[in-house]
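What follows is each chain in one-letter form.
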Amino acid sequence: MAAIVNMHDAKSSLSRLVKRAASGEEILIARNGKPVARLTRLSGRKPTALVGAFAGKLHMADDFDSIPAEFGPYL
């Protein structure tokens, strides 16, 4: 069963409530005794990478790793 917390208590102890929600507890936040919001843990899904999103759109010069002659004095 979800814990019901009034709005004032939720404001003053948000970090504690978030910690409880992150551990799996469901917290209901109430205004005037009526639940208006639910604090729950997010699912463990991670965003997926777009593999190959830039395929064919980028070009790297053949000499990208060569040092320009004018940089010689700095080496």
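The structure reproduced in this document is the subject of the present report. Quick caveat, the model's predicted, so the values are computed rather than measured.

The subject of this paragraph is the nonpolar core. Ala3, Val5, Ala10, Leu17, Ala21, Ile27, Ile29 and Leu39 together form the largest nonpolar core, which totals eight residues. Listing elements by their share of this core, those giving two or more residues are strand S1 (3-6), helix H2 (14-22) and strand S2 (27-31). Other than its neighbours up to four places away in sequence, Ile27 contacts Ala3, Val5, Leu17, Arg20, Ala37, Arg38 and Leu39.

With that out of the way, let us pick up the sheet that holds strand S3 (residues 34-39). An order of S1-S2-S3 is seen for the three strands of this open sheet, with the pairing classed as mixed. Looking at the sheet topology across the chains shown, the edges are occupied by S1 and S3. Averaged over neighbouring strand pairs, the angle between their axes works out to 35 degrees when direction is ignored. Across four bridges, the pairing between S1 and S2 is parallel. The residue bridging Ala3 from the neighbouring strand is Ile27, located in S2.

Cut-offs used in this document
- Residues numbered from 1 in each chain as written.
- Predicted model: local features only at pLDDT ≥ 70, side-chain atom pairs only at ≥ 80, totals over all residues.
- Heavy atoms only, no water.
- Core = buried A, V, L, I, M, F, W, Y, C linked by side-chain atoms within 4.5 Å.
- Buried < 20%, exposed > 50% of the residue type's maximum accessible area, 1.4 Å probe, protein only.
- Helix = DSSP H or I, 4+ residues; strand = E, 2+ residues; numbered from the N terminus.
- Contact = heavy atoms within 4.5 Å.
- Pairing = 2+ DSSP bridges.
- Axes fitted to C-alpha atoms, helices over the stretch in contact; angles between N-to-C directions.

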